[in-house]
Number of protein chains: 2
Amino acid sequence: MSLSDIASALGVSKATVSWVLSGKGDSRRISQATQKRVKEYAATHNYHPNMLARSLSLGRSKTIGLLISSLSDPFYSSIAKAVVNRAESVGYTVMIATSESDCNKEASLVETFSHRKVDGIITTPTEGADWVDGFTNAGGRLVFADRAVPGSDIPSVVVDNEQSSYRLVSHLIEKGCSKIAMFTTAHNLVNMKARQAGYVRALEDAGIPVDTRLIRDVASVYNQKMVEDELDDLLRQVPDLDGIFFTTHVLVLPTYVHFANRGIMPQGGAGWACFHSLPEFDILLPKMSIARMSIEQLGARAVDLLLESIENGTVSLGTTVTLSCEMMLK
Amino acid sequence: MSLSDIASALGVSKATVSWVLSGKGDSRRISQATQKRVKEYAATHNYHPNMLARSLSLGRSKTIGLLISSLSDPFYSSIAKAVVNRAESVGYTVMIATSESDCNKEASLVETFSHRKVDGIITTPTEGADWVDGFTNAGGRLVFADRAVPGSDIPSVVVDNEQSSYRLVSHLIEKGCSKIAMFTTAHNLVNMKARQAGYVRALEDAGIPVDTRLIRDVASVYNQKMVEDELDDLLRQVPDLDGIFFTTHVLVLPTYVHFANRGIMPQGGAGWACFHSLPEFDILLPKMSIARMSIEQLGARAVDLLLESIENGTVSLGTTVTLSCEMMLK
DNA sequence: CAATATCGCTTAACCGGTTAAGTAAACAAA
DNA sequence: TTTGTTTACTTAACCGGTTAAGCGATATTG
């Protein structure tokens with residue numbers, strides 16, 4: 001079933017059929033009678049346009065590329081979910097690829113997307129993504145999600161890392177904690193830096209001196225031993241620890257287990273505060289304070305920003321949408 | 001940069017350029033000199049074919065559609081990861097969509113994929129997927145992952161639900177358990193039925209009568225209260241319970257928390273056995289026996305099966321690949 | 001030396017849409 | 001009656017690839 005099939009079956013031209021079926025029948029003054037014939041024929045024969053042909057012709061594919069670090073990490077798969085849902089609801093289809101945080105792979109996947117003529121790309125960029133300029137100079141539309149690349153003009157959707165961290169740590173202080181550790185990873189990433197800044201500012205505003213022994217960066221979160229060594233060292237050096245601020249949810253469970261194994265029960269997480277959450281925290285650590293990122297919003301806004309850029313071209317350089325976290329202070 | 005651009009720049013025809021760049025230069029006896037000129041020009045000007053045009057012309061898009069229930073559930077996102085990785089490695093791009101287990105939405109997403117001319121679809125089908133016949137009769141290639149539709153001829157990749165369950169429950173029996181509960185959900189799904197069959201067979205082979213009070217189906221896994229009510233009732237009716245077989249990993253954490261809250265520590269999960277795992281089980285329940293599905297394999301085999309069907313058409317009707325689980329008996 | 005084969009390309013149709021430009025017929029106004 | 005306008009279309013080019021068929025020039029063969 002193609003336009004030509006319909007055209008020859010009804011004895012009209014391809015153009016007529018195309019206009020009728022793309023809703024331009026009236027403006028191109030096709031008679032009501034012909035429009036009816038075409039529409040009915042298309043409906044009864046279940047015609048649907050070949051989107052490849054349409055995309056080729058229009059130079060727009062109604063397709064976006066989503067390039068994330070990983071799909072096994074619930075954080076990224078939630079972004080994927082949000083992006084897919086939003087895109088779907090506005091008639092776009094998502095092509096998905098994972099970079100595994102490998103900058104070269106990322107660059108090559110961007111190429112693939114380009115050749116497939118996606119209308120734009122949403123990505124959680126890796127450090128030092130050097131393909132960005134080439135892509136945008138060639139007219140590619142791009143939106144960063146979760147993290148911006150410092151010094152870049154690309155529109156992005158991020159959360160208020162500094163402010164939310166500040167509020168989490170301030171809350172711990174208000175509850176009476178004064179020896180609050182900060183447990184982090186990949187502390188050079190722009191988001192982690194901002195969270196650390198919030199931690200530091202909260203302590204300073206409360207007149208508590210920042211003790212660098214309390215700030216712990218663990219190189220590999222997925223190496224349980226590394227996490228435990230860091231925790232052991234922390235507890236040895238600061239035995240009167242009374243609070244922990246986790247810059248990321250992935251550090252919480254390994255810590256929980258390590259404490260539980262040593263008989264130091266985390267008391268439902270009172271005295272703990274964490275950036276972002278996992279479903280199991282509700283039941284495992286009901287008293288932990290959490291700054292919850294709305295990933296649903298993050299993804300949806302990223303799509304909106306991208307589509308605005310694609311369809312209207314009205315996104316100004318340097319646009320950054322900053323979402324606030326939902327504060328669950330306990 | 002298009003074929004025509006190269007052609008006119010070098011004073012040759014589009015056909016020549018197309019043949020050279022698609023590797024048919026020798027078989028179409030284009031002179032080495034011309035081939036070199038074309039290839040060098042293409043390389044220095046960074047030419048890459050427009051995949052929309054190529055797909056339209058070839059009638060093959062090197063694109064597959066992945067239609068899963070959800071992206072927030074780690075099980076499905078792992079399938080997505082595996083499929084994306086495998087597809088990528090063989091030069092295919094994945095379009096992704098989520099049905100949220102809604103059969104109508106599923107059908108409409110299949111339509112979308114069709115119009116976009118994917119070469120085939122991999123899906124974890126919902127119950128009563130009535131679009132299947134229409135899709136395959138129209139020449140669509142399809143592979144089911146994780147669950148087959150009973151009575152359907154569609155190639156599928158599944159795991160040995162019955163056998164692995166049998167081995168898990170047998171292992172608990174060997175360790176001395178005799179009052180083993182089966183905790184399940186959605187027990188009418190084909191996979192769940194098979195797991196239940198394995199449980200029953202293990203008990204029968206050991207000469208233990210099947211006690212229906214021990215078999216518990218919880219309607220909504222995400223409703224913590226429902227899970228807890230079922231557990232309370234179970235413990236009331238069978239206080240001397242000494243083992244639990246979970247037909248799915250999602251039931252484990254709610255149970256863990258409920259037990260922990262009542263001071264019944266699960267002792268690292270000794271006496272528990274579970275179908276499939278979550279990363280946190282390693283640290284939370286190190287003694288639980290697990291039949292671990294290799295989702296990496298599941299996804300990869302699904303892609304392989306689909307590509308075989310697309311590229312060679314040599315997949316016979318009713319092909320079912322059954323993967324064995326990795327048994328982690330403790 | 002004419003007939004044939006081989007080489008190295010080109011031409012043009014096709015995939016299935018979109019759309020600018022053109023045209024024949026009907027009707028209205030001068 | 002001639003000119004102009006509107007109506008309701010058609011023609012044909014284009015998007016950027018692929019590929020069957022054709023064609024002139026040189027090389028080989030009888």
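Before going into details, it helps to say that this report is about the structure given with it. Note that this is a predicted model, so its numbers are computed, not measured. One numbering rule holds for all chains: residues counted from 1, following each sequence as written. Here every chain gets a letter starting at A, and every ligand a number starting at 1, in the order they are written. With the structure being a predicted model, the display of local features is reserved for residues of pLDDT at least 70 and the display and counting of side-chain atom pairs for 80 or more, all residues being used for whole-chain, interface and lining totals. Note: side-chain values were computed over all heavy atoms of the structure, leaving out hydrogens and water.

### Concerning the overall build of chain A
Worth spelling out the cut-off: Under the scheme used here, helices are H or I runs from DSSP no shorter than 4 residues and strands are E runs no shorter than 2 residues, and both carry numbers assigned from the N terminus. Our radius of gyration looks at C-alpha atoms and nothing else; its globule reference is 2.2 Å times the residue count to the power 0.38. Working definition: with a 1.4 Å probe on protein chains only, accessible area under 20% of the residue-type maximum means buried, over 50% means exposed, and in between means partly exposed. Contacts: residue pairs with any heavy atoms within 4.5 Å of one another. Methods summary: accessible areas were calculated by the Shrake-Rupley approach with a probe of 1.4 Å, and residue burial reflects only the protein chains presented.
Helix and strand counts for chain A stand at 13 helices and twelve strands. Expected size for 330 residues packed as a compact globule is a radius of gyration near 20 Å; at 26 Å, chain A overshoots this value by more than 25%. Each of the three principal axes of chain A carries a C-alpha extent, and together these read 90 × 40 × 35 Å. Per-residue burial for chain A yields a buried fraction of 51% across its 330 residues. Within chain A, residue pairs in contact and separated by at least 24 positions form 66% of the contacts whose partners lie at least 6 positions apart. Approximately 14,300 Å² of chain A is accessible, and the part contributed by carbon and sulfur atoms is 50%.

### Observations regarding the nonpolar core
Threshold: Among buried residues, those of type Ala, Val, Leu, Ile, Met, Phe, Trp, Tyr and Cys that are joined through side-chain atoms within 4.5 Å constitute a nonpolar core.
Within the largest apolar cluster, 148 residues are counted, with the highest numbers of intra-cluster contacts made by Ile-64 and Ile-122 of chain A together with Ile-64 and Ile-122 of chain B. Once you skip the residues sitting within four places of it in the chain, Ile-122 of chain A turns out to touch Ile-64, Gly-65, Leu-66, Leu-67, Val-83, Val-143, Ala-145, Ala-302, Val-303 and Leu-306 of chain A. Of all hydrophobic cores here, the second largest spans 30 residues; its members include Val-132 and Phe-144 of chain A together with Phe-113 and Phe-144 of chain B.

### Looking at the protein's contact with DNA strand C
Applicable threshold: Whether a residue is near a molecule or strand is decided by its heavy atoms; if any one of them lies within 4 Å of it, the residue is near. Polar contact criterion, stated in full: a pair of N or O atoms within 3.5 Å, where within protein one must be able to donate a hydrogen and the other to accept it, and residues adjacent in sequence count only if both atoms are side-chain atoms. Charged means Asp, Glu, Lys or Arg here, nonpolar means Ala, Val, Leu, Ile, Met, Phe, Trp, Tyr, Cys or Pro, and polar covers whatever is left, Gly included.
Around DNA strand C sit 27 residues, and of these Leu-3 and Ser-18 of chain A together with Ser-13, Thr-16 and Ser-31 of chain B come closest. Near the protein, meaning within 4 Å, the atoms of DNA strand C are sugar or phosphate in a fraction of 57%, with bases accounting for the rest. The separation between a phosphate oxygen of DNA strand C and a polar side-chain atom of Lys-24 of chain A is 2.9 Å. Counting residues per element, the ones that place at least two in the surface near DNA strand C are α2 (14-21) and α4 (51-58) of chain A together with α2 (14-21) and α4 (51-58) of chain B. Among the elements that take part in the surface near DNA strand C, α4 of chain A stands out by supplying five residues, more than any other. Along the lines of polarity and charge, the residues of the surface near DNA strand C split into 13 nonpolar, ten polar and four charged.

### Considering the interface of chain A and chain B
One widely used convention gives an interface's size as the accessible area the parts lose upon coming together. What counts, and what does not: For any pair of parts, buried area is found by adding up, for both, the accessible area (1.4 Å probe) each one loses once the two are put together. Here a salt bridge means any side-chain nitrogen of Lys or Arg lying within 4 Å of a carboxyl oxygen belonging to Asp or Glu.
Listed per partner, the contact involves 43 residues of chain A and 43 residues of chain B. Across the chain A to chain B interface the summed buried area is about 3,700 Å²; carbon plus sulfur atoms make up 62%. Among the residues of chain A in contact with chain B, Leu-52, Arg-116 and Ile-283 of chain A are the three that bury the most area, contributing 19% of the side total. One can count two salt bridges joining chain A with chain B. The closest approach of N and O atoms between Lys-105 of chain B and Glu-88 of chain A, which form a salt bridge, is 3.4 Å.

What is shown is where atoms sit, not what they do.
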